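If you want the building blocks of each chain, they are given just below.
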Amino acid sequence: MGSCRAWALPELLVLSVWLWVSSASPTHPPSPALRVRLAGYPRKHNEGRVELFYNDEWGTICDDDFTLANAHVLCRHLGFVAATGWAHSAKYGKGVGRIWLDNVNCAGGEKSIGDCKHRGWGNSDCSHEEDAGVICKDERIPGFKDSNVIETEPSHVEEVRLRAVGAGARRQLPVTEGIVEVRYKDGWAQICDEGWSSHNSRVVCGMLGFPAEKKVNKNFYKLASKSQPKQKRREDVGSKKRLLAERQQLRYRLHSVSCAGTEGHLSMCAFQFYRGNVSAACSGGSAAVVSCVPGPLFATGSAHKKKQRQQRQQQGQPRIRLKGGAKVGEGRVEVLKGSEWGTICDDRWNLLSASVVCRELGFGSAKEALTGARMGQGTGPIHMNEVQCLGTEKSLWSCSFKNITQEDCKHTEDVAVRCNVPYMGYETLIRLSGGRSRFEGRVEVAVGAGAGEQPRWGLVCSEGWGTLEAMVACRQLGLGFANHGLQETWYWDASNVTEMVLSGVKCTGHEMSLSHCQHHGSSLNCRNTGTRYAAGVICSETASDLLLHAPLVQETAYIEDRPLHMLYCAAEESCLSSSARLANWPYGHRRLLRFSSQIHNNGRADFRPKAGRHSWVWHECHRHYHSMDIFTHYDILTPNGTKVAEGHKASFCLEDTECEEDVAKRYECANFGEQGITVGCWDLYRHDIDCQWIDITDVKPGNYILQVVINPNFEVAESDFTNNAMKCNCKYDGHRIWVHSCHIGDALSEEANRRFEQYPGQLNNQIS
């Protein structure tokens, strides 16, 4: 991936220098040969995005904690006397491949950036939107020698697009076919198709978010088509005129492109640049044209969608999925083995393997192969380790890998991916106004943006607006997860947009755009049309992820007949079934199914109650505050899903009962303390506290499903709500109860879930 190829000519503007490092940091030893270069566009010769050649692969540096001292070290590496500044947030464009360093902290006198303190090579929680750059003083170190020739013309391929032509130019997004163009100066340039192969097309399609390429009708793109019938030529005369005008504007930039087909970016292929006068360039060919096959999420046209739906039905349930990602095409990689979903350990995880995952899921090649549970920790088994793909496999299961034991890996090493996805333009149809930062504000959407029409911006009615709708809005904005969905936004009244244009929005939380959610369409129906009732959001790059420790429920479940005189407080908090109101208080008892709940936060942000402590409710009987009225739902269901008993648990106290090693507790309820669950910690509700039960007094003997759902009303945003439910099989004989097969709701295959729900029951108390 990082080897010098035909395109790496001596004339490269990309400024690079070989630095041989003689001494290694005791904690983070650098590579024996560390190569540094400046890249990006537009820029001068003494500035640019910092790129490091480490472990045979080019990568970037994250801007977290970046300082001028870091820039001094890098600029001296490159032969400049000092740095005059540095740049954050990918000022010189986003790089590709690995992000090699993060949280770099140099004193300023180090000889190598590898000698500075940092998190470790390849250990980063950044995206390429945070690539760091430097500005060096335009004065060379006396006697400093390097082999670089500095030009005024960029010689690095960074941005690629497909330009639809003719009738195709009016097609809806995504653009799946067109002329391949690369960014050049202030415009775009083409690639000569002499020697162009399907491998090249595969790389281009992967970059643009498509899993595969297909043959293209090149005759359509050629003006000289004498072999076509006259009638056909007359029909195409309009397209030919457009093509002629476009062909006259062609300016070629690249030729002799040669890809293996497994590269993640065109810049990793061998190619050559045209130099000087290119008026006669590509005389024996024409502009390279590519046609791509979109994945199921981005397929257009009913015929295409029907074909892909039939293919999915034939293939059955997918054996791979992404979890915990904020955007489409990113997340923790989980694979299905047997009937149980599990994760992958990050040993030897790289872009080739990540790209196989992305293409298998219907996306393009991988932008990033992430390690160290960057998308949160999974649960259950770890199915694979040391995955090694060639890049040509149709499925990750076709790659070589090792089965592991529990000692080999932990969930702190779960892998994740960020895939290339097609450009759909959804982010151009939504914006925020009035917020204190770009992550918050009143939601404004564009409607009526038809062909040739200017969009009309308006507000979203906040009736029914909640966390799920806010999650979709934040995803569409490209701002990550939703922190809050707000129904009143009078404090963000800073825009001249006052008209409500969208109402009745109801989302499942997985949609890519608010327009994909249910809504009233053009028939606006909003009781409060004032701007103070316009919907708003607060977005966040990270989110919590709660899940229940299922084995503990199974181990601690039991029945208690509790006297009514001990249940007054519980009745006050509605923790008993409705028939308890008709009981002969204080005589008699209620039959309770009791169990312990241990709720873990496996996400990337602390779980905090939505309500601030000023609005917590004091309950005199139990003498504590409720930060959430309903934190968990407890239900007894028949096998067909009918509810026969229910309970609920308010958040008596959200706190860190215990934490993983090296994680400090942050939340404690004593003395009206802050409530929450820290990442890597869990909150334990013991079986012997009030309301930690289901009242089953009225339940008849039989076979049932015990279901526990955390955060059931989506009050607090999480990265993944599909793992909030836990289910168990249970048999109740009127005296005893057997609880078994407890599992998180999405932990099993579809077939295993069907077997679970059709469980015929037991003849004895021996659980097999």
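The structure under discussion appears in the preceding block.
Given the structure is predicted, the values throughout are model-derived calculations rather than measurements.

Undergrad: What's the story with the sheet that holds strand β39 (residues 702-710) in this structure? I'm lost.
TA: Picture the strands of a sheet paired through backbone hydrogen bonds; they go either parallel or antiparallel. Strand order in the open sheet made by the five strands is β35-β34-β39-β40-β41, with antiparallel pairing throughout. At either end of the open sheet lies a strand with only one pairing partner, and these are β35 (643-649) and β41 (737-744). Neighbour-to-neighbour, the strand axes of this sheet turn through a mean angle of 20°, independent of strand direction. Bridge count for strand β34 (residues 632-637) against β39 is six bridges, and the pairing is antiparallel. Bridging across to β39, Y634 finds its partner in V708. Contacts from helix α10 (residues 750-757) reach β39, β40 (725-732) and β41, with the element oriented near 35° to β40.

Undergrad: Just checking my understanding: could you explain the nonpolar core for this structure?
TA: Across soluble globular proteins, nonpolar side chains have a tendency to be buried as a group. In terms of nonpolar packing, the biggest core is built from 35 residues, with F595, F631, L706 and M726 touching the most fellow members. Within the residue set of this core, elements represented by two or more residues are β28 (546-548), α8 (550-556), β34, β39, β40 and β41. Grouped together as the second largest cluster of nonpolar side chains are 26 residues, F363, L396, V417 and Y426 included.

Undergrad: Hey, could you run me through the pattern of salt bridges in this one?
TA: Side chains that carry opposite charge are capable of pairing whenever their charged atoms lie near each other. Under the defined criterion, the tally for this structure stands at 35 salt bridges. Residue E51 is joined to R49 by a salt bridge in which the shortest nitrogen-to-oxygen separation is 2.8 Å. Classification of R49 as buried rests on a relative accessible area of 2%. Between E560 and R594 there is a salt bridge whose closest N-O contact spans 2.6 Å. Linking E560 in strand β29 (residues 558-563) with R594 in strand β30 (residues 589-594), this pair joins segments that are 34 residues apart in sequence. Just as E560 is buried, R594 falls in that class too. Three or more residues are tied together by salt bridges with common partners; here these are R321, K323, R332, E334, D720 and D746.

Undergrad: Whenever I open this one, the sheet that holds β28 confuses me. Can you help?
TA: On the basis of which strands lie adjacent, the open sheet formed by four strands has the order β28-β31-β37-β36 and antiparallel pairing. Of all the strands in the sheet, just β28 and β36 (658-659) have a single pairing partner and so form its edges. Relative to strand β37 (residues 681-685), strand β31 (residues 597-601) is paired through four bridges, and the arrangement is antiparallel. The residue bridging S597 from the neighbouring strand is Y685, located in β37.

Undergrad: Is there a simple way to think about the packing of aromatic side chains in this case?
TA: Aromatic rings considered in pairs are described by the distance between their centres and by the relative angle of their planes. Within the structure shown, the criterion is met by 15 aromatic pairs. Relative to W492, the ring of Y491 lies with its centre 5.1 Å away and its plane at 75°, an arrangement referred to as edge-to-face. Taken together through their ring pairs, the aromatic side chains of Y54, W100 and W121 make up a single cluster. A cation over an aromatic ring shows up here: R37 above the ring of W58, its NZ or CZ 3.7 Å from the ring centre. Against the face of W457 rests R431, its NZ or CZ located 4.0 Å from the ring centre.

Undergrad: What is the right way to read unusual backbone geometry from this model?
TA: Note: most residues except glycine have negative phi, and most peptide bonds are trans. That bond from W585 to P586 is cis: its omega, 0°, falls within 30 degrees of zero. Positive phi is not limited to glycine here, since N103 has a value of about 50°. Counting through the fold element by element, N103 comes out in the loop between β6 (98-101) and β7 (133-136). Take N103: its relative accessible area is 23%, and that puts it in the partly exposed class.

Undergrad: What's the story with the state of the cysteines in this structure? I'm lost.
TA: In protein structure, a disulfide is the covalent linkage between the sulfur atoms of two cysteines. According to the stated counting rule, one finds 15 disulfides in the structure shown. Here C75 engages in a disulfide with C136; their sulfurs sit 2.0 Å apart. Judged by the torsion about the S-S bond (-85°), the C75/C136 disulfide is left-handed. Note that C75 is positioned in helix α1 (residues 68-77) and C136 in strand β7, a separation of 61 residues in sequence. The exposure class assigned to C75 is buried, which follows from its relative accessible area of 0%. Two residues, C192 and C282, share a disulfide whose sulfurs are 2.1 Å apart. Its S-S torsion of about 75° marks the bond between C192 and C282 as right-handed, since a negative value means left-handed. One end of the pair, C192, is in the loop between β10 (187-191) and α2 (198-207); the other, C282, is in the loop between β13 (270-273) and β14 (289-293), with 90 residues separating them in the sequence.

Undergrad: Would you mind showing me how to read the side chain of E440 here?
TA: Position of E440 relative to the elements: it lies in strand β23 (residues 440-447). Overall, E440 belongs to the buried group, its relative accessible area being 6%. A polar side-chain atom of E440 sits 2.6 Å from a polar atom in the side chain of R436. Setting aside its immediate chain neighbours within four residues, E440 contacts L432, G435, W492, V537 and I538.

Calculation notes
- Residues numbered from 1 in each chain as written.
- Predicted model: local features only at pLDDT ≥ 70, side-chain atom pairs only at ≥ 80, totals over all residues.
- Heavy atoms only, no water.
- Pairing = 2+ DSSP bridges.
- Helix = DSSP H or I, 4+ residues; strand = E, 2+ residues; numbered from the N terminus.
- Axes fitted to C-alpha atoms, helices over the stretch in contact; angles between N-to-C directions.
- Contact = heavy atoms within 4.5 Å.
- Core = buried A, V, L, I, M, F, W, Y, C linked by side-chain atoms within 4.5 Å.
- Buried < 20%, exposed > 50% of the residue type's maximum accessible area, 1.4 Å probe, protein only.
- Salt bridge = Lys/Arg side-chain N within 4 Å of Asp/Glu carboxyl O.
- Phe/Tyr/Trp six-rings, centres within 6.5 Å; stacked < 30°, edge-to-face > 60°.
- Lys NZ or Arg CZ within 6 Å of the ring centre and 35° of its normal.
- Disulfide = S-S within 2.5 Å.
- Polar contact = N/O pair within 3.5 Å; in protein donor to acceptor, adjacent residues only side chain to side chain.

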